[in-house]
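# Coordinate analysis (summary)
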Amino acid sequence: FNETGDLLPNVRSLPAFNAESKIIATVRTNGVLMGQIAPKGGTISGSSSLVHFDGWNWQDATVRADEGVYMNWPQRYRQTGWWAEPGPVKTNKKYQASLLAVHAYFEEAKAYQALTSKHPENLRFEALTDIIAGTARLYIRANWARDILDAVQFVRKYELKKVTIVGGAEAHLVTTELRENNISVVIDRVHKLPIHPDAPIDEPYWLAGKLVSEGVLVAFATNGDMEAMLSRNLPFQAGTAVHYGLPYEEAIRCLTQTPAKLVGVEERYGTLEPGKSATFFISEGDPLDMITNRVTQAFIEGKEIDLTNHQTELYHKFSEKHGQKTQ
């Protein structure tokens, strides 16, 4: 999750992916078959990678390694208290200093790219080569509208071509800037409290629909506490967004085609077309509805996968104990 240090784009999160985790079998049961492995911590956390959930190890599961770099934008404001009883919002007095440090780092990185001789290599600057060249994506974690606007100015200053805001709790307030600069948004969690104590309680629910209606590309994630295990609820978070205004077909696209585009694998994944990878699932009910969703078959790279997990085994075990029939 975290590495020691503040500016570490060269840290790779991919080798930390545990292909033997029981969580993987659980999320596959609900049709979550691929995922982005992303780092946390510091200001520049490291590189993210795309994996599928049917590998013997992280090397076997890798679909696209080091496809982007994650960055935590300095926070202008900080929420005090805890999630159930949030306290007052306070201004971060170190915000400007942190912002200047980020700009100085990218200035150095750009100067490094312009060198004709790079000996010895600076691994931290080398890791930003594709970001600066526009061939890899920079993911910026930011929620406050003013922070997002500062990030947009940063993107324009350094002419970064592929950028995504992760979180974006107030992204609906700056949709024009996001759309005009081709910046997409990964909503980090639908089932959560709003960022402001006095905001409408359903604000996180209709956020996706608002962004899509304004022409912003949207995808879904389950960042935060227990994010790995909560990935099993990813379809139902999109289902909540549908109930609050996101068109159903757009919700499906936000879970499939758009994420594939963001991580640069849209030519092989994200839609059902001849010549693409057969990575899909079949559900007897609405896959976005917690009540009716029942995934009966799933395929990864054309191979049908086993949909049993620790929880289904317990269900059958105790159903048999009490003489009940199981499906």
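Residues numbered from 1 in each chain as written. Predicted model: local features only at pLDDT ≥ 70, side-chain atom pairs only at ≥ 80, totals over all residues. Heavy atoms only, no water.

One can find Glu 227 in helix H9 (residues 227-230). Those residues within four positions of Glu 227 in sequence are excluded, and the remaining contacts are Phe 1, Lys 40, Arg 189 and Thr 222. (Helix = DSSP H or I, 4+ residues; strand = E, 2+ residues; numbered from the N terminus. Contact = heavy atoms within 4.5 Å.)

In spatial order, the strands read E10-E11-E12; together these three strands make up an open sheet with antiparallel pairing. Lying at the two open borders of the sheet, with one neighbouring strand each, are strand E10 (280-283) and strand E12 (303-304). (Pairing = 2+ DSSP bridges.)

This next bit is on the packing of helix H10 (residues 234-243) against helix H11 (residues 248-255). Between H10 and H11, whose axes approach to 9 Å, the crossing angle comes to 150°. In this view, H10 runs roughly antiparallel relative to H11, as classed from their interaxial angle. For the element pair H10 and H11, the recorded crossing hand is right-handed. Across from Leu 234, Pro 235, Ala 238 and Val 242 in H10, the residues of H11 making contact are Tyr 248, Ala 251 and Leu 255. In the contact of H10 with H11, the residues fall into seven nonpolar, no polar and no charged. (Axes fitted to C-alpha atoms, helices over the stretch in contact; angles between N-to-C directions. Parallel < 35°, antiparallel > 145°, perpendicular 65-115°, else oblique. Left-handed = near helix turned anticlockwise from the far one by under 90°. Nonpolar A, V, L, I, M, F, W, Y, C, P; charged D, E, K, R; others polar.)

What follows covers the side chain of Thr 26. The topology assignment puts Thr 26 in helix H1 (residues 22-28). Sequence-distant contacts of Thr 26, that is, excluding residues within four places in its chain, are made with Arg 232, Asn 309 and Gln 311.

With that out of the way, let us pick up the packing of aromatic side chains. All told, the structure shown has 12 aromatic pairs when counted by the stated rule. Centroid distance Tyr 77 to Trp 144: 5.4 Å. Interplanar angle 70°. Geometry classified as edge-to-face. In this pair, Tyr 77 sits in strand E4 (residues 77-81) while Trp 144 sits in the loop between strand E6 (137-142) and helix H6 (145-157), placing the two residues 67 residues apart along the sequence. Arranged with centres 5.1 Å apart and planes meeting at 50°, the rings of Tyr 205 and Tyr 244 form a pair that is tilted. Remark: Tyr 244 occurs in the loop between H10 and H11 and Tyr 205 occurs in helix H8 (residues 203-213); sequence separation between them is 39 residues. (Phe/Tyr/Trp six-rings, centres within 6.5 Å; stacked < 30°, edge-to-face > 60°.)

On to the pattern of salt bridges. Two side chains bearing opposite charge may form a pair once their charged atoms approach each other closely. Under the definition given, this model contains 14 salt bridges. Taking the shortest distance from any N to any O, the salt bridge between Glu 273 and Lys 276 comes out at 3.2 Å. Here the residues in one salt-bridge network are Arg 28, Asp 54 and Lys 303, joined through shared partners. (Salt bridge = Lys/Arg side-chain N within 4 Å of Asp/Glu carboxyl O.)

The next point concerns the layout of surface pockets. Roughly 1,500 Å³ of internal volume is contained in the second largest pocket. At the level of secondary structure, the elements contributing two or more residues to the lining of the second largest pocket comprise E4, E6 and strand E7 (163-167). (1 Å grid on protein atoms, 1.4 Å probe; cavity = no way out; pocket = protein on both sides within 12 Å on 5 of 7 lines; lining within 4 Å. Points joined across faces, edges and corners; volume = space filled by probe spheres on them.)

Bringing empty space enclosed by the protein into the picture now. By the definition in use, this model includes one cavity of 30 Å³ or more. Roughly 40 Å³ of volume is contained in the largest cavity. Residue lining of the largest cavity: Ala 169, Lys 192, Leu 193, Pro 194, Ile 195, Glu 203, Pro 204 and Leu 207, and that is the complete set.

Turning our attention to the packing of helix H3 (residues 95-113) against H6. Here H3 crosses H6 at 20°, and the two axes come no closer than 12 Å. Taken together, the axes of H3 and H6 lie roughly parallel to each other. In this structure, H3 meets H6 at a crossing whose hand is right-handed. Packed against H3, whose contacting residues are Tyr 95, Leu 99, Val 102, His 103, Phe 106 and Glu 107, the element H6 presents Asp 147, Asp 150, Phe 154 and Lys 157 at the interface. Classifying every residue of the contact of H3 with H6 by side-chain character gives five nonpolar, one polar and four charged.

With that out of the way, let us pick up unusual backbone geometry. Leaving glycine aside, a negative phi is the common case for residues, and trans is the common case for peptide bonds. Residue Pro 120 is bonded to the preceding His 119 through a cis peptide linkage, with omega at 0°. Of note in this structure, Met 226 is not a glycine but carries a positive phi near 55°. With respect to the element layout, Met 226 can be found in the loop between strand E9 (218-220) and H9. Relative accessible area serves as the criterion here: at 54%, Met 226 is assigned to the exposed category. (Buried < 20%, exposed > 50% of the residue type's maximum accessible area, 1.4 Å probe, protein only.)

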